[in-house]
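# Structural characterization, general
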Amino acid sequence: MAAGQEGKVFDVLCLGIMVADVVALPVSGLPPKGTLATVERMELHTGGCAVNTGISLARLGLRTAVIGKVGMDGFGDYVLSVLRSHGVDVQGVVRDPVNNTSGTMVMVDRDGERTFIHYVGANGALREEDIDFDLVRQTGILHIAGHNLMPGLDGEVAARVLERARAEGVVTSLDTAWDFSGRWLKLIEPCLRHLDLFVPSIEEARQIAGREDPAEVAEFFLDYGIRIVALKMGSQGCYVRTRDEEIRLPVYPVKAVDATGAGDAFAGGFLAGVALGWPLERTARLANAVGALCVTAVGATAGVRSLEETIEFMGQFS
């Protein structure tokens, strides 16, 4: 276990978006208006960055909690029941009596590529006052999952949360979602100086940094004082950078069934390696492996395995 984790109730607390995903596949396109098309499979899964990353961490054996907001509806009941079934602590999840649980229709084509229709719902109503800071103080790492999709928490508010967590000796981490407002750096910049770890996708990181090359993108964020920048590079693997280390790793070769949640699984693997006190390269390899296994099954977390199984998978390529 990493230094600073001793005496903590939770290894990682994931604060962020919580979603119910209705996944249909294969979908090559929407049917003409007023008609109907059939698919081979349609399933209900949990989704949202905080849920996906939290379940990935729990499957890896980490003590995990989630803070977020869901509605007083069936989707909310479902999301909470699934989290509990994985041993994730949900005492910090707030039930919203006004807004329904956030939902996403996920349409997956035969190559595993996804298209989404999303309802923001209760995630849009998450506020600073909803956060139980007693839980934050009890965790080793606070991970904000889904910045850019929480209008009541993004930007200055999230920065205050991160600053307060750091003052309590908590390691801080953040992952982004696509910023549909187009504000990018202007929105997230208040958070950057309060982060220890940053795990965005390369596409989102490029939008924020205004740079193209991964090394230059990472350098941009390191200049804010972030300790570790881990860029999720999709089919190109990952690029991880600190002031002293630079790591480029390819993807593990697997048959992709559904890429939903792969980035969140990577984040879970990376946070697990940090919490366990692993060296940076081994941490990055674990993150790549968790992300790779995620895409081998339908849904955002179904493919994620235990730490022992993941290490065994990694051993096949050593």
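Overview of the structure. (Residues numbered from 1 in each chain as written. Predicted model: local features only at pLDDT ≥ 70, side-chain atom pairs only at ≥ 80, totals over all residues. Heavy atoms only, no water.)

### Some points on the pattern of salt bridges
By the definition in use, this model includes 15 salt bridges. Linking Arg160 and Glu128 is a salt bridge whose minimum nitrogen-to-oxygen distance equals 2.7 Å. Of this pair, Arg160 sits in helix H4 (residues 156–167) while Glu128 sits in the loop between strand E7 (114–119) and helix H3 (133–137), and the two are 32 residues apart along the sequence. A relative accessible area of 22% means that Glu128 is categorised as partly exposed. Through salt bridges with shared partners, a single network forms among Glu219, Asp223, Arg241 and Arg243. (Salt bridge = Lys/Arg side-chain N within 4 Å of Asp/Glu carboxyl O. Helix = DSSP H or I, 4+ residues; strand = E, 2+ residues; numbered from the N terminus. Buried < 20%, exposed > 50% of the residue type's maximum accessible area, 1.4 Å probe, protein only.)

### Quick look at the side chain of Asp96
On the secondary structure map, Asp96 appears in strand E5 (residues 89–96). Lys69 provides the closest opposite charge to the buried, unpaired Asp96, separated from it by 4.3 Å. A distance of 3.0 Å separates polar atoms of two side chains, one belonging to Asp96 and the other to Asn99. Discounting residues that sit within four places of it in the chain, Asp96 has contacts with Lys69, Val70, Gly71, Met72, Ala122 and Ala125. (Lys, Arg positive; Asp, Glu negative; His and termini not counted. Polar contact = N/O pair within 3.5 Å; in protein donor to acceptor, adjacent residues only side chain to side chain. Contact = heavy atoms within 4.5 Å.)

### Quick look at the packing of aromatic side chains
Per the counting criterion, the structure on display carries 8 aromatic pairs. Ring geometry for Phe220 versus Phe221: centroids 5.2 Å apart, planes at 85°, classification edge-to-face. Accessibility expressed as a relative area gives 11% for Phe220, which makes it buried. Centroid distance Tyr252 to Phe313: 5.3 Å. Interplanar angle 55°. Geometry classified as tilted. Taken together, the residues span a long stretch of sequence, with Tyr252 in the loop between strand E13 (246–249) and helix H8 (262–275) and Phe313 in helix H10 (residues 307–315) at a distance of 61 residues. Exposure remark for Tyr252: the relative accessible area of 11% places this residue in the buried category. One aromatic cluster in this structure is built from Phe198, Phe220, Phe221 and Tyr224. Residue placement shows Arg164 over the ring face of Phe133; its charged tip is 3.6 Å from the ring centre. One residue, Arg282, lies across the ring of Trp278, its end atom 3.7 Å from the ring centre. (Phe/Tyr/Trp six-rings, centres within 6.5 Å; stacked < 30°, edge-to-face > 60°. Lys NZ or Arg CZ within 6 Å of the ring centre and 35° of its normal.)

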